[in-house]
Amino acid sequence: MDEILKVEGLKTSFMTSSGEVQAVRGVSFGVRKGEILGIVGESGSGKSVTSMTILRLLADTARIKEGTIRFEGQDLTKVSEKEMRAIRGQKIAMIFQDPMSSLNPLVPVGKQVAEIMKIHHPEMKPEQLKQRTLELFEQVRIPEAAKRLRSYPHEFSGGMRQRVMIAMALANRPDLLIADEPTTALDVTIQDQILKQLRSLQREYGTSIIFITHDLGVVAELCDRVVVMYGGLIMEEAPIEEIFANPLHPYTMGLLASIPGVHKDKSERLQSIAGSPPDMTSPPAGCPFAPRCPYARNICAAECPPYVQAGGHRAMCWLLQPDAPAEQNPLYGKLAAAEKEVQ
Ligand code: SF4
């Protein structure tokens, strides 16, 4: 399948008074046309900085230090700010966790959606803009859509405001939609409705989606593939069924153990991963997960492991290397199976 986005060797840092915060330290992945890619990780893993780097929506203190971001043949690290403004909202749109911070409280929501379309399509007449906004509101299932066009953001619930944001993001039929924790602040029922909505709109428009979340359970419901990030690096990447059936990285296993419902035995307690993420002003030389990893060995803290790849599944962990002691290696059988698949 063709890739609409190809990120290679991306490194993004923030220059702060405490030193350089190396938020993203060499990340490579692709997004195929019409697929939903999940990027999963805890706070500080680099997942949101990666998405903000793609859209070049970084703070003034940020620097893209290395790497390329190829989108429809253009390297977004090289295009001018003017070209980037034309791409944002038109070809790549974004939905954030808090819709209130993205909506103007003083302007009716219908007008805000129409204005986004007008920026990129100045030829559209007021009646066309209104008609298209109404269609979008109906598509994202805002009840009494015609009446709600004139409502203000505070007159909507959190879930309805997020639907307005989705309508706004889809207004110009973008090729790529980046959704950064869009359901985190919503209750489970509304979250489920929004996820179904995103899936059906993706099918209807054929839009590619990058869905950023800390929750592997949400990824299971929505995504085709998943990238797991930690310490500014990709720990594991795999098709969605594969990551649940055959996780290769101890960090992914820790995330899986913390999802309700993955445990078949209801009496088994959910586990959280003890410890905290690394300080990115002085990231570890070796595997960033080493201080929290139950399988860490001496080499783990000293040197970063290379990726082991089998088909569309890759992971970086010393335990996946053939010289790892088999009897201490919880992943050894999986590696052998993965290697067989490659041969
Ligand atoms: Fe754990 Fe070592 Fe693998 Fe890192 S490389 S995940 S510390 S076993």
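A quick note: this is a predicted structure, and the numbers were derived from the prediction, not measured. (Residues numbered from 1 in each chain as written. Predicted model: local features only at pLDDT ≥ 70, side-chain atom pairs only at ≥ 80, totals over all residues. Heavy atoms only, no water.)

### Notes on the sheet that holds strand β2 (residues 19-32)
If you walk across this open sheet you meet the 4 strands as β2-β1-β4-β5, and the pairing is antiparallel. Only two strands of the sheet have a single neighbouring strand rather than two, namely β2 and β5 (74-75). Pairing between strand β1 (residues 3-16) and strand β4 (residues 62-71): 8 bridges, direction antiparallel. The residue bridging Ser 13 from the neighbouring strand is Arg 63, located in β4. In the packing of helix α1 (residues 47-54) onto the sheet, contacts are made with β1, β2 and β4, and the angle to β1 comes to roughly 110°. (Pairing = 2+ DSSP bridges. Helix = DSSP H or I, 4+ residues; strand = E, 2+ residues; numbered from the N terminus. Contact = heavy atoms within 4.5 Å. Axes fitted to C-alpha atoms, helices over the stretch in contact; angles between N-to-C directions.)

### A short note on the site of the ligand
All residues adjacent to the ligand are His 249, Pro 250, Cys 287, Ala 290, Cys 293, Tyr 295, Ala 296, Cys 300, Pro 305, Cys 317, Trp 318 and Leu 319. Residues belonging to the shell around the ligand are distributed by class as follows: 11 nonpolar, 1 polar and no charged. (Near = heavy atom within 4 Å. Nonpolar A, V, L, I, M, F, W, Y, C, P; charged D, E, K, R; others polar.)

### Concerning the packing of helix α4 (residues 109-120) against helix α7 (residues 158-170)
Orientation of α4 relative to α7, taken along the N-to-C sense of each, is 20°, at an axis distance of 8 Å. As the angle between them shows, α4 and α7 are arranged roughly parallel. At the point where α4 passes α7, the crossing takes the right-handed sense. Here Val 109, Gln 112, Val 113 and Ile 116 of α4 lie close against α7, whose contacting residues are Val 164, Ala 167 and Met 168. Split by residue class, the contact of α4 with α7 holds 6 nonpolar, 1 polar and no charged. (Parallel < 35°, antiparallel > 145°, perpendicular 65-115°, else oblique. Left-handed = near helix turned anticlockwise from the far one by under 90°.)

### A look at the sheet that holds strand β3 (residues 36-40)
Ordered in space as β6-β7-β8-β3-β9-β10-β12-β11, the 8 strands form an open sheet in which the pairing is mixed. A single partner strand is all that each edge strand has here, and the edge strands are β6 (92-95) and β11 (307-310). Each adjacent strand pair in this sheet contributes to an overall mean axis angle of 20°, direction not counted. With 5 bridges joining them, strand β7 (residues 176-180) and strand β8 (residues 208-213) adopt parallel strand pairing. By the bridge assignment for β8, Leu 177 is matched with Ile 209. Along the sheet, α1 makes contact with β3, β6, β7, β8 and β9 (225-230), crossing β8 at roughly 145°. Running at roughly 175° to β6, α7 makes contact with β6 and β7 of the sheet.

### Here we look at the pairing of β11
The alternating pattern of β11 places Val 308 and Ala 310 on a buried face, while none of Tyr 307 and Gln 309, on the opposite face, is buried. Note that β11 and strand β12 (residues 313-316) share 4 bridges and pair antiparallel. Bridge pairing links Ala 310 to His 313 in β12. Taking the residues between adjacent antiparallel strands as the criterion, β11 and β12 are bridged by 2 residues, where Gly 311 takes a positive phi near 60°. (Buried < 20%, exposed > 50% of the residue type's maximum accessible area, 1.4 Å probe, protein only.)

### Observations concerning the nonpolar core
Core analysis: the biggest nonpolar cluster contains 60 residues, and Phe 137 and Phe 211 have the highest contact counts within it. The element contributing the most residues to this core is α7, with 8 residues. Excluding residues within four positions of it along the chain, Phe 211 makes contact with Ile 36, Leu 37, Gly 38, Ile 39, Ala 179, Pro 182, Thr 183, Leu 195, Leu 198, Val 218, Leu 222 and Cys 223. (Core = buried A, V, L, I, M, F, W, Y, C linked by side-chain atoms within 4.5 Å.)

### Here's the deal with the packing of helix α5 (residues 126-139) against α7
Interaxial distance between α5 and α7 falls to 9 Å at its minimum, and their mutual angle equals 130°. As the angle between them shows, α5 and α7 are arranged oblique. Crossing handedness for the pair α5 and α7: right-handed. Taking contact as the criterion, the partners of Arg 132, Leu 136 and Phe 137 in α5 are, on α7, Val 164, Ala 167 and Leu 170. Class assignment of the residues belonging to the contact of α5 with α7 gives a composition of 5 nonpolar, no polar and 1 charged.

### Describing the pairing of β9
Among the 6 residues in β9, 6 count as buried, and that is most of the element. Burial of the side chains of β9 extends over both faces: Arg 225, Val 227 and Met 229 are buried on one face and Val 226, Val 228 and Tyr 230 on the other. Pairing between β9 and strand β10 (residues 233-239): 6 bridges, direction antiparallel. Across the sheet, residue Val 226 finds its bridge partner in β10, namely Ala 238.

### So, the packing of aromatic side chains
What describes a pair of aromatic rings is the distance from one ring centre to the other and the angle between the planes of the rings. Under the criterion given, the structure shown has 3 aromatic pairs. Each ring, one from Tyr 230 and one from Tyr 251, has its centre 4.6 Å from the other, and the planes form 55°; the classification is tilted. Remark: Tyr 251 occurs in helix α11 (residues 250-257) and Tyr 230 occurs in strand β9; sequence separation between them is 21 residues. What links up through ring pairs into an aromatic cluster is the set Tyr 230, Tyr 251 and Phe 289. Lying over the aromatic face of Phe 156, Arg 148 brings its terminal NZ or CZ to 4.3 Å of the ring centre. Of note, Arg 314 hangs over the ring of Tyr 307, and the distance from its end group to the ring centre comes to 4.6 Å. (Phe/Tyr/Trp six-rings, centres within 6.5 Å; stacked < 30°, edge-to-face > 60°. Lys NZ or Arg CZ within 6 Å of the ring centre and 35° of its normal.)

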